[in-house]
Amino acid sequence: MSWGPDLWDSYHSVVGHVAKGTTDLVDMYGKFVKEKAELEKEYAKCLRKLIAKYEPKKIKNKKENEESSESSCFRIFLVETGYQAGQHELLAEHLSKVLVKEIQNKSVEFHKTVKDNSKHAQLEKERLDTSYFSLEKIKLKYQKTFHDWKDSERNYEIADQDGTISRNEIMKMKIHTKAKLKLFE
């Protein structure tokens, strides 16, 4: 199937198919982004709980310098995990507030474009129909003048060959035939 000859008169069905497909795709993207944002938010929340659960207890009578290297490394690891949780929170916020709105805006923009294109296609179809109508009208006028000219020419030739019609009448028929020829051309 080639796109040119097979679909030239199927504009509305093609536009409907594309619009439906795009609407379905935009809906799917929107749902995906919302669910991903919820998962990111939940993951960040779980990371914060994990950090709180394993955070070492601070003892007041021990000085910070007396902390073992294992405890110090684990505390730094927990701080870094806290930063990761913060990044997941930022990602969840960006996805739910910014990206979902951008997808919705693109969807609105697409539907507006499809609507404008459909209006433009309708106008072009009306122009094409008007052109076909004018062409048919001119074709009929052309055929009528052609037949009138042929009839006039045949009558002139018959009168010219027949000796019973006066020369004055034959000249009038010749002039009439030339006038019909000009109309035909």
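These numbers were taken from a predicted model, which means no experiment stands behind them. Sequence order as written defines the numbering, with residues in each chain counted from 1. In view of the model being predicted, local features appear only for residues whose pLDDT reaches at least 70, and side-chain atom pairs are presented and counted only at 80 or more, with totals across whole chains, interfaces and linings using the full set of residues. The side-chain quantities take in all heavy atoms of the structure and omit both hydrogens and water.

What about the environment of Asp116?
Stage number 1. Relative to the helices and strands, Asp116 resides in helix α3 (residues 69–161).
Stage number 2. Relative accessibility thresholds used throughout: buried, under 20% of the residue-type maximum; exposed, over 50%; partly exposed, between the two (1.4 Å probe, protein chains only). Take Asp116: its relative accessible area is 39%, and that puts it in the partly exposed class.
Stage number 3. In this structure the C-alpha to C-alpha distance between Asp116 and His94, which are 22 residues apart in sequence, comes to 32 Å. Secondary structure elements follow DSSP: runs of H or I of four or more residues count as helices, runs of E of two or more count as strands, with numbering from the N terminus.

So, α3
Stage number 1. Given a helix with a known number of residues, its expected span is that number minus one, times 1.5 Å. The end-to-end C-alpha distance of α3, which contains 93 residues, comes to 130 Å, matching closely the 138 Å that a straight helix rising 1.5 Å per residue would cover.
Stage number 2. Where α3 bends most, the angle comes to about 35°, and this point is Leu95. At every residue, the bend is computed as the angle between two fitted axes, covering the seven residues ending there and the seven beginning there respectively.

With respect to the nonpolar core
Stage number 1. For the purposes of this section, nonpolar cores are sets of buried Ala, Val, Leu, Ile, Met, Phe, Trp, Tyr and Cys residues that join through side-chain atoms within 4.5 Å. Counting residues in hydrophobic clusters, the biggest one holds six residues: Val26, Val33, Ala37, Leu95, Val100 and Ile103.
Stage number 2. Going through the elements one at a time, α2 (11–54) and α3 are the ones with two or more residues in this core.
Stage number 3. Discounting chain neighbours no more than four positions away, the residues touching Val33 are Leu95, Leu99, Val100 and Ile103. Only heavy atoms matter for contacts: two residues are in contact if any of them lie within 4.5 Å across the pair.

Quick look at the packing of α2 against α3
Stage number 1. Here, axes are lines fitted to C-alpha atoms. For helices the fit covers the stretch in contact, and angles between N-to-C directions go from 0 to 180 degrees. Interaxial distance between α2 and α3 falls to 8 Å at its minimum, and their mutual angle equals 165°. Accordingly, the angle class assigned to the pair α2 and α3 is roughly antiparallel. Crossing hand, α2 versus α3: left-handed. Angles are sorted into four bins: roughly parallel if under 35 degrees, roughly antiparallel if over 145, roughly perpendicular if 65 to 115, and oblique for all others. Note: crossing handedness is left-handed where the near helix turns anticlockwise from the far helix by less than a right angle, and right-handed where it turns clockwise.

A few points about the environment of Val108
Stage number 1. Position of Val108 relative to the elements: it lies in helix α3.
Stage number 2. Sequence spacing of Val108 and Thr23 is 85 residues, and the spatial spacing of their C-alpha atoms is 9.9 Å.

Let's talk about the pattern of salt bridges
Stage number 1. A carboxyl oxygen of Asp or Glu within 4 Å of a side-chain nitrogen of Lys or Arg is what we treat as a salt bridge. Enumeration according to the criterion identifies nine salt bridges in this entry.
Stage number 2. Note that Lys144 and Asp148 form a salt bridge whose closest N and O atoms lie 3.1 Å from each other. With Lys144 and Asp148 both in helix α3, this residue pair falls four residues apart, about one helical turn.
Stage number 3. What makes Lys144 exposed here is its relative accessible area of 52%.
Stage number 4. On the accessibility criterion, Asp148 (25% relative accessible area) is partly exposed.

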